[in-house]
Amino acid sequence: MKIEKRNVKSSAGDITIYKITNSHGAWVELSSLGAGILGVGVPDKDGNIENVALAYADPADYMADGPCLGKCPGRYANRIAEGHLVVDGKTYQLAINNGPNHLHGGPTGFQNRLWYSQETADGVVFSYHSANGEENYPGNLTVKATYAWSDDNVLTLHFEAESDADSVVNLTNHAYWNLRGADSGTALDHELCIKATKWLPTDSTLIPTGKLDDVAGTPMDFREFKTVGRDIKADFDALKFGKGYDNCWAIDGWAPGKMSEQAVVLRDPVSGRKLTVDSDQPGVQIYTGNWLAGSPRNHSGRPYEDYEGVAIEMQGFPDAPNQPGFPSQFLKAGEKYQRTISFKFEA
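Residues numbered from 1 in each chain as written. Predicted model: local features only at pLDDT ≥ 70, side-chain atom pairs only at ≥ 80, totals over all residues. Heavy atoms only, no water.

*Asks:* I'd like to hear about the nonpolar core, residue by residue, with values.
*Replies:* One recurring pattern in soluble globular proteins: nonpolar side chains tend to sit buried together. Membership of the largest hydrophobic core comes to 62 residues, with the highest contact counts inside it found for V40, W177, I194, W249, V264 and I312. Core analysis: the next-biggest nonpolar cluster, separate from the first, contains 16 residues, V8, I17, Y56 and A182 among them. (Core = buried A, V, L, I, M, F, W, Y, C linked by side-chain atoms within 4.5 Å. Buried < 20%, exposed > 50% of the residue type's maximum accessible area, 1.4 Å probe, protein only.)

Right, dumping it as structure tokens:
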């Protein structure tokens, strides 16, 4: 495995960027800003290697971007209702940064921090120390995001976190995928399959109601492959609330510590590329890039437009700290949080 390293200036300091290339020439580019994915270059059905992860031309533009492109949000990815968090009977008021709710750990979160980085034989370990009270979360939390790239084009992301006081944690990656090529246009004609018979209905601010509904007979049914855009304009509240898909599905057969194989599969019939996502996370937030317009410029010299990428965010359920019926995202002092996401690329 070949690993190249460079530094880029930003308003927060030097960003360290790693390009990891396997023996077949397929590559991954990673950034110390938000432990982010800047690109994944994999072959299509004709062997042409092209980046399939949405990317900005300037690595410094990832700082405080609206789409959270490619980065690892935290301390709590996704939404917490009204920023209301109770840990050990004590109430914490978190920042309100998404309508009336708290999103992705707050305005800065983990995604807009520079992480410490260290090369491994086949990837990079990013680590970050989140001080007690940062974004008003309790506990000094140490977190690691370990990426590994393989010769068979599998990108594995393993999270670890530990706190010296009871807290909450929910970690994921927020890359947007367009398997036809990062700057090729709409991703609505990609085909998606989710191993989920249940999804989480929400209120109009995208906070789960606490129920799990059947996908059958609704636009939320992706148990068999269908194009992402087939039902996106349907007369269905969830799609109106988010201007497209921005919803969480409960992965069938999930159990703590168990990897769910083929939890989500995305494929592009034109390029022949297929992305298979395995994970031990209980849910997946599918976000169809409904608010990408106005983003920083990409490598084609233009901003992205809405629906040009699909984010597949393997994670704990949104607002789980306020929903006792959901899988717990509480982390006891001294215990270790561990989660794994695997992205397998084929053509």
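After that view, the rundown keeps rolling.
*Asks:* Break down the sheet that holds strand β20 (residues 246-250) for me, citing the residues and quoting the values.
*Replies:* Strand order in the open sheet formed by six strands is β15-β24-β23-β20-β17-β18, and the pairing between neighbours is antiparallel. Sheet topology places β15 (176-177) and β18 (213-214) at the edges, where each strand pairs with a single neighbour. (Pairing = 2+ DSSP bridges. Helix = DSSP H or I, 4+ residues; strand = E, 2+ residues; numbered from the N terminus.)

*Asks:* Summarise the pairing of strand β13 (residues 154-163); cite the residues concerned and give the values.
*Replies:* As defined by bridge partners, strand β12 (residues 141-149) adjoins β13 across nine bridges and the pair is classed as antiparallel. Bridge assignment links K144 to a residue of β13, and that residue is E160. Between β12 and β13, which pair antiparallel and follow one another directly, the connecting turn spans four residues, one of which, N153, has a positive phi of 65°. With nine bridges connecting them, β13 and strand β26 (residues 336-346) associate as antiparallel partners. The residue bridging V154 from the neighbouring strand is K344, located in β26.

*Asks:* If you had to explain empty space enclosed by the protein to someone new, which residues and values would you point to?
*Replies:* Scanning all chains against the criterion turns up one cavity of 30 Å³ or more. There is about 30 Å³ of room inside the largest cavity. N78, R79, T202, L206, P208, D246, N247, C248, Q285 and P318 are the residues that line the largest cavity. Take the lining of the largest cavity: its biggest share by element is three residues, from β20. (1 Å grid on protein atoms, 1.4 Å probe; cavity = no way out; pocket = protein on both sides within 12 Å on 5 of 7 lines; lining within 4 Å. Points joined across faces, edges and corners; volume = space filled by probe spheres on them.)

*Asks:* Go over the side chain of S163, please, and point to the residues and values.
*Replies:* Relative to the elements of secondary structure, S163 occurs in strand β13. In terms of polar contacts, S163 uses its side chain to reach the backbone carbonyl oxygen of A165, at 2.6 Å. Apart from residues no more than four positions distant in its own chain, S163 is found in contact with P138, G139, N140, L141, L331, K332, A333, G334 and E335. (Polar contact = N/O pair within 3.5 Å; in protein donor to acceptor, adjacent residues only side chain to side chain. Contact = heavy atoms within 4.5 Å.)

*Asks:* With reference to specific residues and values, describe the sheet that holds strand β11 (residues 123-130).
*Replies:* Strand-to-strand pairing in sheets goes through backbone hydrogen bonds, with the strands running parallel or antiparallel. Taken together, nine strands build an open sheet; the order of strands is β10-β11-β12-β13-β26-β22-β21-β16-β19 and the sheet is antiparallel. Bordering the open sheet on either side are β10 (116-119) and β19 (226-227), each of which pairs with just one other strand.

*Asks:* Can you lay out the environment of I194 for me, pointing to particular residues and giving the numbers?
*Replies:* Structurally, the position occupied by I194 is in strand β16 (residues 191-194). On the accessibility criterion, I194 (1% relative accessible area) is buried. C-alpha separation for the pair I194 and H84, spaced 110 residues apart in sequence, amounts to 30 Å.

*Asks:* Talk me through the packing of aromatic side chains; I want residue IDs and the actual numbers.
*Replies:* For the coordinates displayed, the defined rule picks out 15 aromatic pairs. Both rings, one in Y18 and one in F126, keep their centres 6.2 Å apart while their planes meet at 75°; by these two values the pair is edge-to-face. Here Y18 is found in strand β2 (residues 15-21), whereas its partner F126 is found in strand β11, with 108 residues between them in sequence. The class of F126 is buried, set by a relative accessible area of 0%. Ring centres 5.1 Å apart and planes at 85° place the aromatic pair F317 and F326 in the edge-to-face group. Assigned by exposure class, F317 and F326 land together as buried. Put simply, the rings of W149, W177, F343 and F345 pair up and form one aromatic cluster. Here the guanidinium or amino end of K226 rests over the ring plane of F222, the centre of that ring lying 4.3 Å away. The side chain of R267 reaches across the aromatic face of F225, ending 3.6 Å from its centre. (Phe/Tyr/Trp six-rings, centres within 6.5 Å; stacked < 30°, edge-to-face > 60°. Lys NZ or Arg CZ within 6 Å of the ring centre and 35° of its normal.)

*Asks:* Lay out the layout of surface pockets with the relevant residues and their values.
*Replies:* There is about 540 Å³ of room inside the largest pocket. In terms of lining residues, the largest pocket is bounded by 29 residues, among which G66, R79, N98, L103 and H104 are the most central. At the level of secondary structure, the elements contributing two or more residues to the lining of the largest pocket comprise α1 (237-242) and β23 (283-287). For the lining of the largest pocket, a count of residues per class yields ten nonpolar, 14 polar and five charged. (Nonpolar A, V, L, I, M, F, W, Y, C, P; charged D, E, K, R; others polar.)

*Asks:* Got a sec to walk through unusual backbone geometry? Specific residues and values, please.
*Replies:* A cis geometry characterises the amide bond from G74 onward to R75, with omega recorded as 10°. Topologically, R75 is positioned in the loop between β5 (49-51) and β6 (79-80). Even without being a glycine, A35 presents a positive backbone phi close to 50°. In this fold, A35 is placed in the loop between β3 (27-31) and β4 (36-43). A relative accessible area of 0% means that A35 is categorised as buried. You will see that Q262, though not glycine, has its phi angle at about 55°, which is positive.

By themselves, these figures tell us nothing about what the structure is for.
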